Amino acid sequence: MSTVTTAPAPAKTSAAPAHPPGHEPVHNYLLEPGPGPDVKGFARVWPTVKAWATTVDHKRIGVMYLFTVSVFFAIAGCAALLVRAELMNPDMDFLTADEYNRMFTLHGVMMVFLFIVPSIPASLGNFALPIMLGAKDVAFPKLNLMSYYIFLAGASLAVYAILSGGIDTGWTFYTPYSDTTNTAVLPMTMAVFVAGFASILTGINFIVTIHKMRAPGLTWNRLPLFIWALYAVSIVQVLATPVIGITMVLLAMERLVGIGIFDPALGGDPVLFQHFFWFYSHPAVYIMILPAFGVISELMGTFSRQRVFGYRAIALSSVAIAMLGFLVWGHHMFVSGQSPLSSIVFSVITFLIGVPSGIKILNWVATMYKGSVWLTAAMLYSLAFIFLFTIGGLTGIMVGALAVDIHLHDTYFVVAHFHYVMMGGTVFAMIGALFYWWPKMFGRMMSETWGRISAGVTFFGFNMTFFTQFILGSQGMPRRYFTYLPEYHDLHQVSTVGSWFLGLGLLMVLFNMIWSLFKGKPAPGNPWGAATLEWTHTTSPPDHHNFHRTPLVTHGPYDYDVLFSGDGYGGDGAGTPAPVPNPEVGGPQEMGKSVDLGLSQPKPKHD
Amino acid sequence: MAVHPAPITFDDPHGGHGHGDGAGHPPHLKHYFVSSEQQFDASKLGMWLFLVTEILLFGGMFVAYGIYRSMYPELFTEASTQLDTVMGAVNTAVLLLSSLTVAWSIRAIQLGNKKLCFWLLVATVALAGMFMVVKYFEYTHKFDLGIFPGEEMVYAEGTTFTLPGLGEENFGPAVDEHAAEGDDHHYVPGDHGLTNQRAGLFFSIYYMMTGIHGLHVLIGMIAIGILAVKTWRGKYSAEWYTPIENVGLYWHVVDVIWIFLFPLMYLI
Amino acid sequence: MEREGSFWLPPQSSTTAHEIDALFYFIIIVSVIIQIGVTYYMVKYAWKYRRRSHADRPVDVHPNKWLEISWVVIPSLLVFVVFFWGFKAFVSAGIAPDNAYQIHVTGKKWLWEFEYPNGTTSVEDLYVPVGEPIELIMTSTDVLHSFFVPEFRVKHDAIPNRYTTVWFEVKEEGTYQVLCTEYCGTAHSEMYAYVHAVDRGTFNEWLRTGGGNDNLPLNELGASLYDKAGCQTCHSVDGVSGTGPTWQGLWQAARPGSEEGVADANYIRTSIVNPNAYITEGYEGIMPAYPNLTDRDINGLIAYIREINGDWTAADSAAAAAPADSLAAPADSLATPDAEPAE
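All values reported here derive from a predicted model rather than from experimental measurement.

Student: What exactly am I supposed to notice about the overall build of chain C here?
Tutor: Counting its regular elements, chain C contains 7 helices and 10 strands. Among the 343 residues that make up chain C, the fraction classed as buried is 40%. Within chain C, counting contacts between residues at least 6 apart in sequence, those at least 24 apart form 65% of the total.

Below is the structure:
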């Protein structure tokens, strides 16, 4: 860890003004550039829409991504609630079998390709990454906007596929079923192909930005762990996504002209499709979970006001997971007809990948040791993440064990396992991250009280929904079942009721967000007392170009003592400690009270 | 550890949404980069990463090729006799030559010779066009013979099928329509001598790989064409020629992929 | 007899189940210990070091190298124990003994067919001798299916154009549920089958009588085939429309486009032998052919359809059962006089 140095430029000795010179929030990225104040009423709408639609500002693109993926999360979430409702009773005729099959496929495809894969990297990553690096933007801002529109195009294709009758293959598109079903497989494969392009472009942009655009003094050892995680994710995106692309093209050609590569009726090999599919889709699991690891590292550090324990181990284990993640795809196929030898090799590597994940969990817990733990809503989500992800990881060991997987494969045990990782992991981390970065994104605080209540409800509902599914699965309940044997009835009912609590908790989060945009308290520059650049060197919300001067980084991302050392932050070029560091920041009693610490900004003017 | 040449950077008091504001910045330098060097490095790294994705895209198909070749070696030996080695070799030479011209054009612009650069880019497009023309003749010849991918493959009547996906609809026409019209220079669909019922599989792989490669050649032609026009208009100079450099890299990768395709498909 | 399962797992009814279960419980126990440890320290630290005032300052903690090394090494050792254990059990669950009794299994939408070495076939009911190793050689005629018996802890995909195997040895006589665990479409969740483990004598007798159907009256044979051959997956007998048309009211119902214009014996026979010959309006032609059904089986199904439509009497039963030559009679012989077209 670095030592604290003073700013190279002389610090101003006068008392900190309410708005440091050059940091009056006139250039608030949410409002500027846009129509001038003389334009009023509906006349503002079109220029504002145009300004957003053509923006190359990474912050706005991040916000647009956040909005878009949230819409798909909501749609796919509703599909999940319908699926659960159908499973309330074995003879429920709420949906027909075919509707049910379309519904769980819709849930899977949307959640995976349109929500989780772009969720944290494309929304929060796009917003935070350049600021955390001390850059004005990503390396290719136009490409960034293009990737958003490509994503929209892919998403539109997916919506078209659903409207034109849906698709009933499951999100895995296994051949030969996907060759023969008469549902809209073609537009859906194209949707995945196109959305994959967006993912690749985002990945390339992030890697180049992290390599080439770091602020002076921001060495690899001082990179925030969120950046490390995004770096690992981007590598996976760049290396794995082309393979799902070509797989989807081959599947589409299979449907269009019958090329037969995966069709046993023409001499093709359906197991090859599974290899191709999982070669992407297993690394994709790490695309989904690694950003969550990064988020949790940030949250645990900031809210424990303590250096993240084992910084290097966490940073490198992210990269190790990304690399090993490419070598384990076969563990999805232990009973699918691949050779036993490959199964054994894949199992070994799968276990190797469990170790770095375990290290992270222990490091996060150790971070709280002798810290000053502030139990905000974001921190509660973060602790919930650790609890749930530990269960998800440990059950991963069970399904990774060759013999046990024979019994558990394609049962509800697997369903519960990956929901503990994807939902209990990524989604909980993302909500935590939203509570954390929301003030920075929109300049408003979300309600802490309701945030904490929602954390409790979501956590309870989640466990009620999915823990029961572990037992269902190990008792032999197969997945993707429209109806089931009577002995599974009770647990299915518990699970369905749990899903309502889960939905309720998520709705509370949604209302909290919308409420805060209109009624939330204005956020100070650094409400949580964090030590990374987006908090210490920018206003909330940030200026149009983040920094007025390229910051000079003189300390590690979790050196909170620097915040209290009086002379502040190292220089930002002119020695202006922009948003003024204040030891009062982050005290629990500030929450819920509007104490002007000299950090907060006037309410953004909407006139 | 990255080296940042300019720790203290230009002031940008207006939030800087103009480009190239502030004196002393070359017009091509985007405001969010600190220096031309940083911008150039970033573009090039981005391009390399993109090329990695291209390699992986084709990698998937090469893996499919490898797996099916090891499963049905006799199929590959038999079916590849239908490919015209001479045409393939001509195309290989054409593409290699185009790689040379594009590399030379980068050298030319580095030395500030915009006119030479322009003509070399035009030559590259022309060579790429030649490649596509040869491909066109190869494809149409196969279509005439009824060599189509997968279930569309046409066989001579009487071929025995055991695969459920093949049937009578895969037999060629019993009556030679062309002969009736007195046309001597024609081919009869199914008259290719192949009896292996998985031949469609081989040609699926052939058409997919060469087709997607051809698509890349087309995209390259468009990109190089645009570069040529821009060079003619003097957009590039010895100081800034990043797009030419990057498209050149792309073109080399397209070339390299063909270098692998040619022997795998035509020769062995 | 009552087979008792546990909270987590169904009963262990095959000889290999206990190995898999032992590893399952080992991981569960270790996991619970780890989970409790992580949760305990997480809650403890979050509470003990909670921020009491905004002036709280953390104590500088120096990284402890030995602590970090220990939590790399200990989990690594644990996962390798789990791997080797899983590997060992995988091998014993994967390799069938040489003397295993082989049965061919075919998965199709949405039923399982079983073919025994002597040519006897059955659908949905797999009879096996208890206490002997059984090897199933599986394939599929359409899409992927997966053969899963929870109580045996066996599962493997059935793949078109390829053979895959599972083996098991049942410990106790009884009936065991078979489920399909590879998603295969509309009736995936009803692609049930049953393993009947019986003693060797009963098994031999069952095998000799071709599945025990030879002595049944036609209508009862049809009723049993309705379940066993998988008809009930798509066709109801109570008027509810499923993937296929219901059988209630089918007998003599108008079927435009068919030879006689009504659903008579010939129509039904054709529909079973060549399902795509006539497609009832409003349904898709997705029914598979049933080449394994004998003439007697088809006659039985026709009799059953007549029975549920109230067109089968005890006299018909007696007539059908009495002459031995009627067993393989063509379907026409079963057509009642009023089966002639009305016009």
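Student: Looking at this structure, I do not really get the overall build of chain B. What am I missing?
Tutor: Of regular secondary structure, chain B possesses 7 helices and 0 strands. Along the chain direction, N to C, the helices and strands of chain B fall in the order α-α-α-α-α-α-α. For chain B, contacts bridging at least 24 residues in sequence account for 74% of all contacts bridging at least 6.

Student: What am I meant to see in the sheet that holds strand β3 (residues 121-123) of chain C here?
Tutor: The strands making up a sheet are joined through hydrogen bonds of the backbone, oriented either antiparallel or parallel. Residues and elements named next belong to chain C. One open sheet accounts for 5 strands, arranged β3-β2-β1-β5-β8; its pairing is mixed. Two strands close off the open sheet at either side, each with one partner strand: β3 and β8 (164-169). Going from strand to strand, the sheet's axes swing by 25° on average, the running direction of each strand aside. Two elements, strand β1 (residues 101-108) and strand β2 (residues 111-115), share 5 bridges in a ladder whose sense is antiparallel. Along β2, the bridge assignment pairs threonine 106 with glutamate 113.

Student: Just checking my understanding: could you explain the pairing of strand β4 (residues 125-129) of chain C for this structure?
Tutor: Two faces belong to every sheet, and in a regular strand the side chains alternate between them. Burial within β4(C) is extensive, with 5 of its 5 residues counted as buried. Residues Asp125(C), Tyr127(C) and Pro129(C) line one face of β4(C) and the alternating positions Leu126(C) and Val128(C) line the opposite face, and both faces are buried.

Student: Whenever I open this one, the sheet that holds strand β6 (residues 145-149) of chain C confuses me. Can you help?
Tutor: Residue and element names in this part refer to chain C. Read across the sheet, 5 strands follow the order β4-β10-β9-β6-β7 without closing on themselves; strand pairing throughout is mixed. Each having just a single partner strand, β4 and β7 (154-158) make up the two edges of the open sheet. Adjacent strand axes in the sheet meet at a mean angle of 25°, parallel and antiparallel pairs treated alike. Pairing of strand β9 (residues 174-180) with strand β10 (residues 193-198), which is carried by 5 bridges, proceeds in the antiparallel orientation. Paired with glutamine 177 across the two strands is tyrosine 194, which belongs to β10.

Student: Hey, could you run me through the domain arrangement of chain C in this one?
Tutor: Residues and elements named next belong to chain C. Here the domain parsing of chain C yields domain 1 (101-208) and domain 2 (218-339). Put simply, the parts of the chain that give the side of domain 1 that touches domain 2 at least two residues each are β2 and β3. At 3 residues, the largest contribution of residues to the side of domain 1 that touches domain 2 is made by β3. A per-class count over the side of domain 1 that touches domain 2 returns 4 nonpolar, 4 polar and 6 charged.

Student: Can you walk me through the interface of chain B and chain A in this structure?
Tutor: Accessible area lost on assembly of the parts is the figure often given for the size of an interface. Between chain B and chain A, the contact holds 42 residues from the first and 47 residues from the second. At 15 residues, helix α1 (residues 36-71) of chain B tops the list of elements feeding residues into the side of chain B that touches chain A.

Student: Help me understand the environment of Thr124(B), please; the structure alone is not making it clear to me.
Tutor: Residues and elements named next belong to chain B. As for its placement among the helices and strands, threonine 124 is situated in helix α4 (residues 114-144). A count of 28 C-beta atoms within 10 Å places threonine 124 in the buried class. Separated by 23 residues in sequence, threonine 124 and threonine 101 have C-alpha atoms that sit 5.9 Å apart. When sequence neighbours within four positions are dropped, the list of residues in contact with threonine 124 reads Ser98, Thr101, Val102, Ser105 and Ile224.

Student: Would you take a moment to explain the environment of Gly393(A) for this structure?
Tutor: Relative to the assigned elements, Gly393(A) resides in helix α11 (residues 377-400). For the pair formed by Gly393(A) and Trp535(A), sequence separation is 142 residues and the distance between their alpha carbons is 32 Å.

Student: Looking at this structure, how should I read the interface of chain C and chain A?
Tutor: With 70 residues of chain C at the interface, the matching set in chain A holds 75 residues. Contributions of two or more residues to the side of chain C that touches chain A are made by α1 (17-48), α2 (65-94), β6, β7 and β9 of chain C. For the side of chain C that touches chain A, the element with the highest residue contribution is α2(C), accounting for 15 residues.

Student: Where do I start with the confidence of the model for chain C in this structure?
Tutor: Atomic detail in the predicted coordinates should be set aside for any region of low pLDDT. Residue and element names in this part refer to chain C. Mean pLDDT over chain C: 83, with 89% of residues reaching 70 or higher. Note that pLDDT drops below 50 for residues 322-343; the model gives that stretch 25 contacts with residues more than four away or on any other chain. Across the interface, the model reports ipTM at 0.85; the global pTM reads 0.84.

Student: Would you mind going over the environment of Phe418(A) with me for this structure?
Tutor: All names here are of chain A. Looking at where phenylalanine 418 falls in the secondary structure, it is placed in helix α13 (residues 412-442). Among the residues examined, phenylalanine 418 registers 18 C-beta atoms within 10 Å and is labelled partly exposed. Here the alpha-carbon distance between phenylalanine 418 and glycine 260, two residues 158 residues apart in the chain, equals 32 Å.

Student: Honestly, unusual backbone geometry in this entry has me stumped. Any pointers?
Tutor: Peptide bonds are trans in most cases, and residues, glycine excluded, mostly fall at negative phi. Backbone torsion omega between Thr175(A) and Pro176(A) reads -5°, so that peptide bond is classified as cis. Here Pro176(A) is to be found in the loop between α4 (141-163) and α5 (177-180). Between Lys109(C) and the following residue, Trp110(C), the backbone shows a cis peptide bond with an omega angle of -10°. Of note, Trp110(C) is situated in the loop between β1 and β2. One non-glycine residue with positive phi stands out, namely Glu124(C), at about 70°. Tracing the chain through its elements places Glu124(C) in the loop between β3 and β4. Exposure remark for Glu124(C): the 20 C-beta atoms within 10 Å place this residue in the buried category. The residue Asn161(C) is not glycine, and still its phi comes out positive at about 60°. In this fold, Asn161(C) is placed in the loop between β7 and β8.

Student: Looking at this structure, I do not really get the pairing of β10(C). What am I missing?
Tutor: Residues and elements named next belong to chain C. Here β10 shows a buried face lined by Ala193, Val195 and Ala197 and an unburied face lined by Tyr194, His196 and Val198. By the bridge criterion, 5 bridges tie β4 to β10 in an arrangement that is parallel. Across the sheet, leucine 126 pairs through a bridge with valine 195, a residue of β10.

Student: For this particular structure, what's the right way to read the packing of helix α8 (residues 270-304) of chain A against helix α10 (residues 340-367) of chain A?
Tutor: A pair of packed helices is characterised by two quantities: the angle between their axes and the separation of those axes. Residue and element names in this part refer to chain A. Running from amino to carboxyl end, α8 crosses α10 at an angle of 15°, the nearest separation of the two axes being 9 Å. Taken together, α8 and α10 sit at an angle that is classed as roughly parallel. Considering the relative orientation of α8 and α10, their crossing is left-handed. Across the interface between the two elements, Phe293, Ile296, Met300, Gly301 and Ser304 of α8 pack against Lys360, Trp364 and Thr367 of α10. Residue classes in the contact of α8 with α10 are distributed as 4 nonpolar, 3 polar and 1 charged.

Student: Honestly, helix α4 (residues 218-228) of chain C in this entry has me stumped. Any pointers?
Tutor: Residues separated by three or four positions in an α-helix point in the same direction, a consequence of the helix having 3.6 residues per turn. Taken as a whole, α4(C) has its buried residues at Leu218(C), Asn219(C), Leu221(C), Gly222(C), Leu225(C) and Lys228(C). Immediately beyond the C-terminal end of α4(C), within one or two residues, lies Gly230(C), with a positive phi of roughly 90°.

Student: What is the right way to read helix α6 (residues 185-212) of chain A from this model?
Tutor: With 28 residues, α6(A) should cover 40 Å at 1.5 Å per step; its first-to-last C-alpha distance of 41 Å lies within 8% of that length. Among the 28 residues of α6(A), 25 are classified as buried, and the element is accordingly described as predominantly covered.

Thresholds, definitions, all that
- As a convention, each chain's residues are numbered from 1 in the sequence order in which they are written.
- As a convention, the first chain written is A and the first ligand written is 1, with the rest following in written order.
- A pLDDT threshold of at least 70 governs which residues receive local features in this predicted model, and a stricter bar of 80 or more applies before side-chain atom pairs are shown or counted, although totals over entire chains, interfaces and linings include all residues.
- Secondary structure elements are taken from DSSP: a helix is a run of H or I of four residues or more, a strand is a run of E of two residues or more, and numbering for both begins at the N terminus.
- Burial is judged by counting other C-beta atoms within 10 Å of a residue's own C-beta: 20 or more means buried, 12 or fewer means exposed, and anything between counts as partly exposed, with every C-beta placed from the backbone.
- Note on contacts: residues are paired as contacts if their backbone-placed C-beta atoms lie within 7 Å.
- For two strands to pair, DSSP has to find at least two bridges joining them.
- Between the N-to-C directions of two axes lies an angle of 0 to 180 degrees, each axis being a line fitted to C-alpha atoms and, for a helix, fitted only over the stretch in contact.
- All the domain ranges listed were derived from an automatic or database domain assignment.
- Three classes are used: nonpolar for Ala, Val, Leu, Ile, Met, Phe, Trp, Tyr, Cys and Pro, charged for Asp, Glu, Lys and Arg, and polar for all others, with Gly counted as polar.
- A residue's pLDDT is the predictor's confidence in that residue, given on a scale from 0 to 100.
- Should an angle fall under 35 degrees it is taken as roughly parallel, and over 145 as roughly antiparallel, whereas 65 to 115 is taken as roughly perpendicular and any remaining angle as oblique.
- If you view the pair so one helix is near and one far, a crossing is left-handed when the near helix is turned anticlockwise from the far one by less than a right angle, and right-handed when it is turned clockwise.
- By definition here, a helix of n residues has an expected span of 1.5 Å times n minus one.

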